[in-house]
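Notes for the structure review
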Amino acid sequence: LWKHDSPLPYYPVTNATVDLNPHGNPLGLLQQVFAYYKLGQYQRAIQDLDEAIRLDRQRASTYYYRSIVYAALGLTIEAERDFAKAKELGYEDSP
């Protein structure tokens with residue numbers, strides 16, 4: 001059974017963070033995701049993670065981070081699916 005209690009990596013949250021224009025840049029989207037996660041805006045984080053995955057389907061860490069956000073939302077099946085995909089793509093438990 002999938003279980004993970006770690007939050008997303010620390011990223012300082014400021015108004016400038018949320019106002020980033022990361023579209024078309026998977027890494028920029030991930031920075032924005034960290035801010036949304038810290039603010040408890042999980043649905044917005046999921047939207048940006050979905051876009052980051054659309055832009056780069058082979059980035060294991062994106063699936064891993066989405067699994068954490070899904071878990072925060074109580075969506076265990078989705079969290080387990082993304083965690084498995086992250087592992088399949090080579091993600092290690094200790095980033």
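Provided above is the structure to which this section pertains.
Residues numbered from 1 in each chain as written. Predicted model: local features only at pLDDT ≥ 70, side-chain atom pairs only at ≥ 80, totals over all residues. Heavy atoms only, no water.

As for the overall build of the chain
What counts is decided by this rule: Think of it this way: any DSSP run of H or I at least four residues long counts as a helix, any run of E at least two long counts as a strand, and we number them from the N terminus. Whether a residue is buried, partly exposed or exposed follows from its accessible area with a 1.4 Å probe, protein chains only, as a fraction of its type maximum: under 20%, in between, or over 50%, in that order. Residues count as neighbours in contact if any of their non-hydrogen atoms are within 4.5 Å of one another. What sets the accessible areas is the Shrake-Rupley method with a 1.4 Å probe; for residues, cover comes only from the shown protein chains.
A tally of helices and strands in the chain yields 5 helices and 0 strands. Helices and strands in the chain line up, N terminus first, as α-α-α-α-α. Relative to its full complement of 95 residues, the chain shows a buried share of 39%. Excluding contacts between residues fewer than 6 apart, the proportion of contacts in the chain whose partners are at least 24 apart in sequence is 48%. Accessible surface, the chain: about 5,500 Å² in total, of which carbon and sulfur atoms supply 48%.

Describing the pattern of salt bridges
Quick note on the threshold: Counted as salt bridges are all cases of a side-chain nitrogen of Lys or Arg within 4 Å of a carboxyl oxygen of Asp or Glu.
What the rule picks out here adds up to 6 salt bridges. Between Arg-54 and Glu-51 there is a salt bridge, with the nearest N and O atoms lying 2.7 Å from each other. Pair noted here: Arg-54 and Glu-51 are both in helix α3 (residues 42-55), with a separation of 3 residues, about one helical turn. When its relative accessible area of 23% is taken as the criterion, Glu-51 is described as partly exposed. Here Glu-88 and Lys-85 are joined by a salt bridge, their closest N and O atoms 3.4 Å apart. Of the two residues, Glu-88 and Lys-85 are both situated in helix α5 (residues 76-88); the distance of 3 residues between them amounts to about one turn of the helix. The partly exposed category is assigned to Lys-85, whose relative accessible area is 26%.

Comments concerning the packing of aromatic side chains
Going by this rule: Two aromatic rings, drawn from Phe, Tyr or Trp (for Trp, its six-membered ring), form a pair once their centres lie within 6.5 Å of each other, and the interplanar angle then sorts them: stacked below 30 degrees, edge-to-face above 60, tilted otherwise.
Counted by the stated rule, this structure contains 5 aromatic pairs. Ring geometry for Phe-34 against Tyr-65: centres 5.2 Å apart, planes inclined by 90 degrees, an arrangement best described as edge-to-face. Remark: Tyr-65 occurs in helix α4 (residues 60-72) and Phe-34 occurs in helix α2 (residues 26-38); sequence separation between them is 31 residues. In terms of burial, Phe-34 and Tyr-65 fall into one category: buried. Through successive ring pairs, a cluster of aromatic residues spans Phe-34, Tyr-64, Tyr-65, Phe-83 and Tyr-91.

Side note on the side chain of Asp-48
Counted only if it meets this: Asp and Glu count as negative and Lys and Arg as positive, but His and the ends of the chain are not part of the count.
For Asp-48, the position within the fold is in helix α3. For the buried residue Asp-48, which engages in no salt bridge, the nearest side chain bearing the opposite charge is Arg-44, 6.6 Å off. Filtering out sequence-adjacent residues up to four positions away, Asp-48 remains in contact with Leu-29, Gln-32, Val-33 and Tyr-36.

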